[in-house]
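Next come the chains, spelled out residue by residue.
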Amino acid sequence: MTFAPSLHQWFLANQRDLPWRHTRDPYRIWLSEIMLQQTRVTAVIPYYERFLARFPDFPSLAAAPESDLLAAWAGLGYYSRARNLQRAAQQMLALGRFPSTYDEIRALPGVGDYTAGAVSSIAFGLPHIGIDGNILRVIARYTADSGDISQKPTRLRISAFAESHLPADSPGIYQQALMELGATICTPQSPKCLLCPLASSCAARRDGLTTQLPIKLTNKTTIEETRHLLWFSHNDALLLLQHPPTSPRLAGFWDLPDSSLFPRLPLGPPQAQFSHSIVNHKYELLIHTPRLPRRRLPQLHWIPFSRFPELPLSTITKKAIARMQ
DNA sequence: AAGGCGGGGAT
DNA sequence: ATCCCAGCCTT
């Protein structure tokens, strides 16, 4: 059997049972694709169920208070996804329906080449395919492509190969089968070639290159910086700031203020100048950000502890608060 | 063409 | 510690 039929047959027999495979509702499939951007299946599932219970269709999502939306997304990361999700839902509301062509879908905020291809093929059966990290790896190995998969020419070759084998009668199965193979068999480390339906015609396996491919040359170094978070509590309330809506990170999320807002604040002993009635502690933790931009001083608000469950709080902030309480 | 963006699981 | 995850957007 050739490429696509082998994948198809393997997928029907071996696919995982995932929540978004129980529906043909484009809204639910689109939501799953947005949540799955750079996020593992196991991390997404509980968020997906909760989110759909709260926002079952695009009109309810479009009408949601932003704070509710961000609170529902809190912990998933890449929070611009949530804002773009709602903007897209509002565009659907204006349009009066879920967009149903590749170009319409691709034009939605937060939808790039991958997501447009995946929603087109899976939800609408259109002859498109989105190339994700799994598919890049599977095809780079299958064709023994030694090009850098972060480079455009390599991606174009792989995309052309995938499209050349796309079956007109089942693009959605083809799309998901390629990704499923990459996620469960053709994994980055220790791929399970003995279980692979494509093993007999895989060029990387033939040439003994499986563990060498794919090639990815981008070598990003992560710099760790220490943030000194400041804790001001008074009468069962905590002094918090809200990141501006346009902030490049954690937009709309509430956070503990940190020492960069108070340049003259010597770190170490509690600061008496704030008030005798305000308890001041120092808290310190590491975050994975390469820089800490200096912005204008945001306004601080006293937020009662009782409101925290409904507030958008990043995971790291929740951890910091839990440690201090 | 790069860099930035969260958080967690696997190695 | 490092990599990578059903990527997208801005510079």
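None of these values were measured; they are calculated from a predicted model.

A. Region of the structure containing the protein's contact with DNA strand C. Around DNA strand C lies a shell of 24 residues, among which Glu33, Gly110, Thr115, Asp132 and Arg137 are the nearest. If you look at DNA strand C and keep only atoms within 4 Å of the protein, 61% of those are sugar or phosphate atoms. Here a phosphate oxygen of DNA strand C and a backbone polar atom of glycine 112 are 2.7 Å apart. With respect to DNA strand C, the side chain of tyrosine 114 contributes an N or O atom lying 3.3 Å from a base nitrogen.

B. Focus on the packing of helix H5 (residues 66-73) against helix H6 (residues 80-95). The interhelical angle for the contact between H5 and H6, taken along N-to-C directions, is 130 degrees, at an axis separation of 9 Å. Here H6 runs oblique to H5, going by the angle between their axes. You can see that H5 and H6 cross each other, and the crossing is right-handed. Together, Glu66, Leu69, Leu70 and Trp73 of H5 and Arg81, Ala82, Arg83, Leu85 and Gln86 of H6 make up the contact between the two elements. Here the residues of the contact of H5 with H6 sort into 5 nonpolar, 1 polar and 3 charged.

C. Structural detail: the side chain of arginine 83. By the secondary structure assignment, arginine 83 is in helix H6. A polar atom in the side chain of arginine 83 sits 2.8 Å from the side chain of glutamate 66. Sequence-distant contacts of arginine 83, that is, excluding residues within four places in its chain, are made with Glu66, Leu70, Pro245, Ala251 and Gly252.

D. Fine view of the nonpolar core. By size, the foremost hydrophobic cluster in this structure holds 74 residues, and its most contacted members are Trp30, Phe51 and Trp73. Not counting residues up to four positions away in its chain, the partners in contact with phenylalanine 51 are Tyr27, Leu31, Met35, Leu61, Leu69, Ala72, Trp73 and Leu85. Core analysis: the second largest hydrophobic core is formed by 12 residues, Trp231, Ile303, Leu311 and Leu313 among them.

E. Region of interest: the confidence of the model for chain A. In this model, chain A carries an average pLDDT of 88, and 86% of its residues clear a pLDDT of 70 or more. The low-confidence segment residues 286-295 (pLDDT under 50) makes 24 contacts with residues lying over four places distant or belonging to another chain.

F. Layout of the protein's contact with DNA strand B. Gly77, Tyr78, Tyr79, Arg249 and Thr315 are the nearest of the 19 residues found near DNA strand B. Of what DNA strand B places within 4 Å of the protein, 55% of the atoms are sugar or phosphate. Tyrosine 78 is positioned such that a nitrogen or oxygen atom in its side chain is 2.4 Å from a base oxygen of DNA strand B. Between DNA strand B and glutamine 151, the relevant distance is 3.5 Å, taken from a phosphate oxygen to a side-chain nitrogen or oxygen of the residue. Looking at side-chain class alone, the surface near DNA strand B contains 6 nonpolar, 8 polar and 5 charged residues.

Quick notes on the rules
Residues numbered from 1 in each chain as written. Chains lettered and ligands numbered in written order. Predicted model: local features only at pLDDT ≥ 70, side-chain atom pairs only at ≥ 80, totals over all residues. Heavy atoms only, no water. Near = heavy atom within 4 Å. Polar contact = N/O pair within 3.5 Å; in protein donor to acceptor, adjacent residues only side chain to side chain. Axes fitted to C-alpha atoms, helices over the stretch in contact; angles between N-to-C directions. Helix = DSSP H or I, 4+ residues; strand = E, 2+ residues; numbered from the N terminus. Parallel < 35°, antiparallel > 145°, perpendicular 65-115°, else oblique. Left-handed = near helix turned anticlockwise from the far one by under 90°. Contact = heavy atoms within 4.5 Å. Nonpolar A, V, L, I, M, F, W, Y, C, P; charged D, E, K, R; others polar. Core = buried A, V, L, I, M, F, W, Y, C linked by side-chain atoms within 4.5 Å. Buried < 20%, exposed > 50% of the residue type's maximum accessible area, 1.4 Å probe, protein only. pLDDT = per-residue confidence, 0-100.

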